[in-house]
Amino acid sequence: MNSSASLLSQLYAIRNRFGKNLAAKKIRLLQALAKESSGNKTALHLYNDCLLFLLAYPDNKAVYDAASRCLLQQESRLQNNPAVKDRMFNSGISQTELCSSFSFELVKWFRTHHREQIRFDSFDADDGRIGSVLTVVLPRAESEIFQDGNENWRSWLAQTGKPGEELLDRLLAIFSDADISPFVRDELWASLGLNTVICFASCSRLPGTLTRIFYHRSLFKKNSIRVRQDIKPIQVNLTKEQAEQIIGCARTILAQHLREIDPITFTDWPNVSYYHLSRGISIALMGMTPERRSPIDCYMGYMVFKNGLPVAYAGSWILFNSGRIGLNIFPSYRGGESKYIFEQVLNLHRHVYRLHRFTVDPYQIGKDNSDGIHSGAFWIYYQAGFRPLKKEQHELATLEARKIRTQPGYRSPASVLKKLADSRMELLLGEKPVGFDATDISRLFNEILKVHYNSGRKTAREHSFMRLARLLQVKDWQQDTIRRLLNSWSVLLLSERKQVPLNNELKSVLKKMFALKCSGSEEEYIHLLQQSNEVRTWMEALIGKYLPPVEPTPPLRSRS
């Protein structure tokens, strides 16, 4: 009789293979493994990965149903076996527990929507640090009692809380009521190092109403990725409940992998759009709530689903018709259709946001990111048409690509991949893409401060903030969101002390842009920015003046 380890090894080996008799073999292996009850942590993790992969890439309904039954059985076994459940601590598998520190907003969301699944565990900060943070967060009149040893923070919170109120709820209430900006609140919360334990009740997946199951005869293994303009994704008209289900699924799967990204943590249901694409793929695009938005570009998030399971995610930073983008495939789904998924992500972004250029940051391809090196992420982007911006990396990539083509079995060693990762990459599409993105705007802002204000941020704001508010006739300039916008835009717009007054057309566009940032749609903001030749011409002139190219960039062919 085959051992459990042998059965699991066989299933893993054929999970991403298709053809004659393989579907039947997968079912036989699943049936045999269902009778086993291994408590080995590595084996359970591998088994869970196999089941998730088979649900995302099933041969047919029989395989899909068999994997679904096995997943439910595994969850039941873990729920009823505390010893094995404890052994799987911090694995992120459903029906197990995970302990880590998460953002204030995510902890608050879990406590509101899944109260029984999250509890306080510990602090990384010491009592002195916690007391100092609470002194800032609590009203001054209340926090005075912490001075000179009159009261310690823990006993004071116990006295002032509601009867039976748990410490986690008390802290969430205090931070929610604090009269501080959300960004300061985030940093103060993070400084506590507040660890919570979360139990994930079931597999993260979308409901059937948002899912289109696709059965596979094979995997779509592409050697290259084609970004097209003529795709027609089907947008779903989401109800509030459906949008919140998407958000909940996305937040939960990221927490299971000890991750967060701002557009998913700081979104709300009106800022979610959802699209069906081919082969069981669907993608949710998410923008942030107004108080969290970037002042100049748009930081958007996305989650890719395959047969309703979240299989990949990342963010994109969009400015004019250029977007920085990345791709992170969850480990359970590697070995599937990663290139095809990325193609769909790029196509959807190009379609929705009307982009003519994509860039990738060094981190995404492996700089200070061992996972990016291990997965060979550079070549996924390269095969999509991305090329390094730096000359040294561009030439090295050309040499490595030739070796891969001409030397069977050749793979770039980690040392080479690390060198390749030391450059941004770029993909050009269509005509007249802007040649800069938000990272360049940061450099521009810093250069203006140095040249005109001796790096004095306060001086720069005092010189330009109220000037811009008056020029645009902004009446609510004291409101937090509009202040953040004016602080960023005013230094750029009024970089010259003898600035010629903004013309009426530019002022009108800027007012509309600010209104969209404060209370409208990020997609509408993107499209308005793309339509304004005035804003683009002005910003390109600033980039050209303050940021001359550091090194020659090799020419790239436009791909369509």
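Residues numbered from 1 in each chain as written. Predicted model: local features only at pLDDT ≥ 70, side-chain atom pairs only at ≥ 80, totals over all residues. Heavy atoms only, no water.

Caption draft 1: Seen up close, the overall build of the protein chain. For the protein chain, the count of helices and strands is 24 helices and 13 strands. For 560 residues, the compact-globule estimate of 2.2 N^0.38 gives 24 Å, and the protein chain sits close to it at 26 Å. Seen through its C-alpha atoms, the protein chain measures out along the principal axes to roughly 85 × 70 × 45 Å. Split into buried and exposed, the 560 residues of the protein chain put 53% on the buried side. A total of about 26,200 Å² of accessible surface is found on the protein chain, and carbon and sulfur atoms cover 49% of it. Considering the protein chain, the positive charge centre built from 76 side chains and the negative charge centre built from 57 side chains are found 9 Å apart. (Helix = DSSP H or I, 4+ residues; strand = E, 2+ residues; numbered from the N terminus. Rg over C-alpha atoms; globule rule 2.2 N^0.38 Å. Buried < 20%, exposed > 50% of the residue type's maximum accessible area, 1.4 Å probe, protein only. Areas by Shrake-Rupley, 256 points an atom, 1.4 Å probe, with all protein chains shown as cover. Lys, Arg positive; Asp, Glu negative; His and termini not counted. Charge placed at Lys NZ, Arg CZ, Asp CG, Glu CD.)

Caption draft 2: Quick peek at the state of the cysteines. Inspection of every chain in the model, using the stated rule, returns 0 disulfides. Of all cysteine sulfurs, the one in cysteine 50 lies closest to cysteine 70, which takes part in no disulfide; the gap is 11 Å. With no disulfide partner, cysteine 199 has as its closest neighbouring cysteine sulfur the one in cysteine 99, 13 Å distant. (Disulfide = S-S within 2.5 Å.)

Caption draft 3: Structural view of unusual backbone geometry. Positive phi values are uncommon outside glycine, yet asparagine 21 reaches one of about 70 degrees. Note that asparagine 21 resides in the loop between helix H1 (4–14) and helix H2 (22–34). Its identity as a non-glycine residue notwithstanding, phenylalanine 320 has a phi of 55 degrees, on the positive side. A residue is classified by how much of its surface remains accessible, and phenylalanine 320, at 3% relative accessible area, is buried.

Caption draft 4: Summary view of the side chain of serine 490. Take serine 490: it is sitting in helix H21 (residues 480–493). Note on serine 490: relative accessible area 0%, which makes it buried. If we skip the residues at most four places from it in the chain, serine 490 touches Ser464, Phe465 and Leu468. (Contact = heavy atoms within 4.5 Å.)

Caption draft 5: Expanded view of the environment of glycine 435. In this structure, glycine 435 sits in the loop between strand S13 (425–428) and helix H19 (438–453). The sequence separation of glycine 435 and lysine 20 amounts to 415 residues, and the corresponding C-alpha distance is 50 Å. Setting aside residues up to four positions removed in sequence, glycine 435 forms contacts with Arg357 and Asp440.

Caption draft 6: Here's a closer look at empty space enclosed by the protein. Using the criterion set out here, one finds 1 cavity of 30 Å³ or more in the structure. Volume-wise, the largest cavity comes out at about 30 Å³. Contributing to the lining of the largest cavity are Pro290, Arg293, Ser294, Thr481, Arg484, Leu485 and Lys517. Sort the elements by how many residues they give to the lining of the largest cavity and H21 lands first, with 3 residues. Across the lining of the largest cavity, the residue classes break down as 2 nonpolar, 2 polar and 3 charged. (1 Å grid on protein atoms, 1.4 Å probe; cavity = no way out; pocket = protein on both sides within 12 Å on 5 of 7 lines; lining within 4 Å. Points joined across faces, edges and corners; volume = space filled by probe spheres on them. Nonpolar A, V, L, I, M, F, W, Y, C, P; charged D, E, K, R; others polar.)

Caption draft 7: Molecular detail of the layout of surface pockets. Estimates place the volume of the largest pocket at around 1,400 Å³. Around the largest pocket, the lining is made up of 49 residues, and of these Ser375, Gly376, Ala377, Trp379 and Ile380 lie nearest the centre. Only strand S8 (309–319), strand S9 (322–325), strand S10 (328–329), helix H14 (338–353), strand S11 (357–360), helix H15 (370–374), helix H16 (377–383) and helix H17 (391–406) provide two or more residues apiece to the lining of the largest pocket. With 6 residues, the single largest contributor to the lining of the largest pocket is H16. Among the residues making up the lining of the largest pocket, the classes are represented as 21 nonpolar, 17 polar and 11 charged.

Caption draft 8: Seen up close, the packing of H21 against helix H24 (residues 533–546). For the pair H21 and H24, the least separation of the axes is 11 Å and the interaxial angle reads 70 degrees. For the element pair H21 / H24, the angle class is roughly perpendicular. Of H24, the residues touching H21 (which contributes Trp489, Leu492 and Leu493) are Val535, Trp538, Met539 and Leu542. Its residues placed into classes, the contact of H21 with H24 shows 7 nonpolar, no polar and no charged. (Axes fitted to C-alpha atoms, helices over the stretch in contact; angles between N-to-C directions. Parallel < 35°, antiparallel > 145°, perpendicular 65-115°, else oblique.)

Caption draft 9: The arrangement of the packing of aromatic side chains in detail. Within the structure shown, the criterion is met by 21 aromatic pairs. With centroids separated by 5.3 Å and ring planes inclined at 70 degrees, the aromatic side chains of phenylalanine 104 and tryptophan 189 adopt a geometry described as edge-to-face. Note that phenylalanine 104 is positioned in helix H6 (residues 104–113) and tryptophan 189 in helix H11 (residues 182–192), a separation of 85 residues in sequence. Each ring, one from tryptophan 379 and one from tyrosine 382, has its centre 5.1 Å from the other, and the planes form 70 degrees; the classification is edge-to-face. One end of the pair is tryptophan 379 and the other is tyrosine 382, both in helix H16 and 3 residues apart, which spans about a single turn. (Phe/Tyr/Trp six-rings, centres within 6.5 Å; stacked < 30°, edge-to-face > 60°.)

Caption draft 10: Focus on the nonpolar core. In this structure, Ile246, Met303, Ile341, Phe342, Phe386, Trp489 and Met513 are the most contacted members of the largest nonpolar core, which totals 146 residues. When residues of this core are assigned to their parent elements, the largest contribution, 9 residues, is made by helix H3 (residues 41–56). When sequence neighbours within four positions are dropped, the list of residues in contact with isoleucine 341 reads Tyr57, Ile281, Val304, Val311, Ala312, Leu327 and Ile329. Judged by nonpolar contacts, the second largest core, of 32 residues, contains Trp109, Val133, Trp156 and Leu172. (Core = buried A, V, L, I, M, F, W, Y, C linked by side-chain atoms within 4.5 Å.)

Caption draft 11: View of helix H23 (residues 522–531). Those residues of H23 that sit buried are Glu522, Tyr525, Ile526, His527, Leu528 and Leu529. Along its buried surface, H23 packs onto strand S7 (298–306), S8, H14, H21, helix H22 (504–519) and H24. With a side-chain oxygen positioned 3.1 Å from the backbone nitrogen of glutamate 523, the residue opening H23 is serine 521. (Polar contact = N/O pair within 3.5 Å; in protein donor to acceptor, adjacent residues only side chain to side chain.)

Caption draft 12: Region of interest: the pattern of salt bridges. Within the structure shown, the criterion is met by 23 salt bridges. A salt bridge links arginine 115 to aspartate 169, with the nearest nitrogen and oxygen atoms 2.8 Å apart. One end of the pair, arginine 115, is in the loop between H6 and strand S2 (118–123); the other, aspartate 169, is in helix H10 (residues 167–177), with 54 residues separating them in the sequence. Taking the relative accessible area as the measure of exposure, arginine 115 reaches 37% and is therefore partly exposed. Judged by its relative accessible area of 13%, aspartate 169 is buried. Residue glutamate 337 is joined to lysine 306 by a salt bridge in which the shortest nitrogen-to-oxygen separation is 3.9 Å. Within this pair, whereas glutamate 337 is found in the loop between S10 and H14, its partner lysine 306 is found in strand S7, the two being separated by 31 residues in sequence. (Salt bridge = Lys/Arg side-chain N within 4 Å of Asp/Glu carboxyl O.)

Caption draft 13: Fine view of the sheet that holds S2. A sheet is described by the order of its strands in space; here 3 strands give the open sequence S1-S3-S2, paired in antiparallel fashion. Looking along the sheet, the strands with just one partner apiece sit at the ends: strand S1 (97–101) and S2. Here the average twist between neighbouring strands, direction ignored, is 25 degrees. When S2 meets strand S3 (residues 194–199), the two strands line up antiparallel, connected through 5 bridges. Note that in S3 the partner of isoleucine 118 across the bridge is isoleucine 198. (Pairing = 2+ DSSP bridges.)

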